[in-house]
Amino acid sequence: MSDIKNRISILWVMTMLGITIHTCFDLLPLFFGGSVAMENSTGTVPAYMGIMMATISYTIPFIGMLFWLYGKKRCHLVTSFIIAIFLSILHILHMGELFTGASITQFFIMPLNAAVAILLVFDLWKVQKSMK
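Predicted model only: the values in this text are computed from it and were never measured.

**What to know about the packing of helix α1 (residues 2-26) against helix α3 (residues 74-94)**
Then, number 1: Where α1 meets α3, the axes come as close as 12 Å, and the angle between the chain directions of the two elements is 30°. Here α3 runs roughly parallel to α1, going by the angle between their axes. In the crossing of α1 with α3, the sense of the turn from one axis to the other is left-handed. Every residue of α3 that contacts α1 at Trp12, Thr15, Ile19 and His22 is listed here: Ser80, Ile83, Ala84, Leu87, His91 and His94.
Then, number 2: Taken together, the residues of the contact of α1 with α3 sort by class into five nonpolar, five polar and no charged.

Take a look at the structure:
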C-alpha cells in the first residue's frame, strides 16, 4: 500500500506541476518580444477568468491531494477520485487545442499532462476497489 500511496502523491504533484509548465510554455513568446495578449484585449484579466484559472489549476488539484494525503475515510478517497476524473476530462478536452493552432511546445506537454491525469485516476480506482 505504501508504494501506491507514494505513487499517487507524486502523480498529484506532477498534475499541478504539469499545469504550471503548460502555462509557462504559453508565456514563452514574451521572452522573444512577442505578445500573448488576446485579440481585442483591454489588458485587464476579467475577474471570472482569474478565479476560474486559480480554481482549476491550483485549488481543485490541491484539495484532491489533501483529501488523498490526510483523508481517513472512504469518502475522502472518493472525493479525490472524482476530482482526478474531472481533471482528466479537462486535460483530454484541452488537448483538442492541439489541432486548432496551439503552439508547437504544447504538443510535448499536453499529452503528458493527460497521461499523468489518467494514471492518477487508475491508481485511485485501484485503491478505492481494494477498500470495499
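**Re the packing of aromatic side chains**
Then, number 1: Counted by the stated rule, this structure contains two aromatic pairs.
Then, number 2: Between the aromatic rings of Tyr58 and Phe62, the centroid separation amounts to 5.1 Å while the plane-to-plane angle is 25°, which identifies the pairing as stacked. Pair noted here: Tyr58 and Phe62 are both in helix α2 (residues 47-70), with a separation of four residues, about one helical turn.
Then, number 3: Ring geometry for Phe81 against Trp125: centres 5.6 Å apart, planes inclined by 35°, an arrangement best described as tilted. In this pair, Phe81 is assigned in helix α3 and Trp125 in helix α4 (residues 106-131), connecting sequence segments 44 residues apart.
Then, number 4: Assessed through its relative accessible area of 38%, Trp125 is described here as partly exposed.
Then, number 5: Over the ring of Trp68 we find Lys5; its NZ or CZ atom is 5.3 Å from the centre of that ring.

Reading guide: rules and limits
- Residue positions are given per chain, counted from 1 along the sequence in the order it is written.
- In view of the model being predicted, local features appear only for residues whose pLDDT reaches at least 70, and side-chain atom pairs are presented and counted only at 80 or more, with totals across whole chains, interfaces and linings using the full set of residues.
- Side-chain calculation: all heavy atoms of the structure are included, whereas hydrogens and water are not.
- In this description, a line fitted to the C-alpha atoms serves as the axis of each element, helices being fitted only across the stretch in contact, and the angle between N-to-C directions of two axes falls anywhere from 0 to 180 degrees.
- Runs of E in the DSSP output that reach at least two residues are strands. Runs of H or I that reach at least four are helices, and both are numbered from the N terminus.
- Note on terminology: angles under 35 degrees are roughly parallel, angles over 145 are roughly antiparallel, angles of 65 to 115 are roughly perpendicular, and the others are oblique.
- We call a crossing left-handed when the near helix sits turned anticlockwise from the far one by less than a right angle, and right-handed when that turn is clockwise.
- Should any heavy atoms of two residues lie within 4.5 Å, those residues are considered in contact.
- Three classes are used, and their members are as follows: Ala, Val, Leu, Ile, Met, Phe, Trp, Tyr, Cys and Pro are nonpolar, Asp, Glu, Lys and Arg are charged, and the others, Gly among them, are polar.
- Stacked, tilted and edge-to-face pairs are distinguished by plane angle, under 30 degrees for stacked and over 60 for edge-to-face with tilted covering the rest, among Phe, Tyr and Trp rings (Trp via its six-membered ring) whose centres lie within 6.5 Å.
- Here's how the labels work: a residue is buried when its accessible area is under 20% of the maximum for its type, exposed when over 50%, partly exposed in between, all with a 1.4 Å probe on protein chains only.
- Charges are assigned to positions over rings by a cutoff of 6 Å between ring centre and Lys NZ or Arg CZ, combined with an angular limit of 35 degrees from the ring normal.

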